[in-house]
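Results of the structural survey
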Amino acid sequence: FEDFEDFVFGACLIDWAALERDMRRIADRFDAASTVRVTGEGTDVTFSLAGRHGKVSGLGANMPSGEVFYAPVEDSVDGVVAFSEYPACYLGRDVDGVRLRFEGGRVVEATADSGEEFLLSMLDSDEGARRLGEFGIGCNPGIQQHMRNTLFDEKIEGTVHFAVGNGYAEVGGTNVSSIHWDMVKDLRPGGTIEADGEVVQRDGKWLI
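Notes on the structure in this doc start here. (Residues numbered from 1 in each chain as written. Predicted model: local features only at pLDDT ≥ 70, side-chain atom pairs only at ≥ 80, totals over all residues. Heavy atoms only, no water.)

This next bit is on the nonpolar core. In terms of nonpolar packing, the biggest core is built from 46 residues, with F30, V38, L100, F162 and W181 touching the most fellow members. For this core, the element with the highest residue contribution is helix α2 (residues 16–31), accounting for 6 residues. Apart from the residues within four sequence positions on either side, F30 is in contact with V36, L49, Y70, I137, I193, A195, V200 and W206. Counting residues in each nonpolar core, the second largest holds 7 residues, with A11, I143, F152 and V184 among its members. (Core = buried A, V, L, I, M, F, W, Y, C linked by side-chain atoms within 4.5 Å. Buried < 20%, exposed > 50% of the residue type's maximum accessible area, 1.4 Å probe, protein only. Helix = DSSP H or I, 4+ residues; strand = E, 2+ residues; numbered from the N terminus. Contact = heavy atoms within 4.5 Å.)

This is the structure in structure tokens:
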């Protein structure tokens, strides 16, 4: 209990003004980008943010917070994401080793090491469930470990998350679905993020 107490306070009691300034700089760079590419273990995916603007989630409704998130252009996502580092957690279920392949913005192939039947059932929930509703960038320096609790895990510094399903209208999302499943990808062990061909993050560290 004491370890968890230290973790929660460490994730919440940070310099939010300074972090919001850092996240604003990150958002400004991606706001100006047309194409984003994310690479990592088993992962190489591209998508468009043209015309979309990100949300800096700092000291506000969610606590702890610490992310910058976007709604990618719905038909622009192409490539593969392998969520090999952490389970994808949703509705009390853990799905290990999720791998999603996108073409034209839709998941056209989905596999998992365990829980694949549940994964496929969620992706077949409705017409919008196979589209990417969110791309988020974890920025909270007080969160460094996966907890199997998405509201913490999507904020892990040095990670990104991809959510299949519903997109947020506040950041320009138009996809509608009954699900919104955030899956966390760790970029600290050898991952990169590119904005219009420029590497802006490597191994979870910002270069901007």
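Resuming the write-up.
The next subject is the pattern of salt bridges. By the definition in use, this model includes 16 salt bridges. Close ionic contact of R37 with D44 constitutes a salt bridge, the shortest N to O distance being 2.8 Å. Judged by relative accessible area, R37 falls into the partly exposed class, the value being 30%. For D44, a relative accessible area of 36% puts it in the partly exposed group. Between E109 and R101 there is a salt bridge whose closest N-O contact spans 2.9 Å. (Salt bridge = Lys/Arg side-chain N within 4 Å of Asp/Glu carboxyl O.)

Tracing the backbone shows H161 in strand β11 (residues 159–165). The exposure class assigned to H161 is buried, which follows from its relative accessible area of 0%. For the pair formed by H161 and R106, sequence separation is 55 residues and the distance between their alpha carbons is 16 Å. If we skip the residues at most four places from it in the chain, H161 touches E67, E134, F135, G136, I137, E154, D182, M183 and V184. Polar side-chain contacts of H161 include one of 2.9 Å to the side chain of E67. (Polar contact = N/O pair within 3.5 Å; in protein donor to acceptor, adjacent residues only side chain to side chain.)

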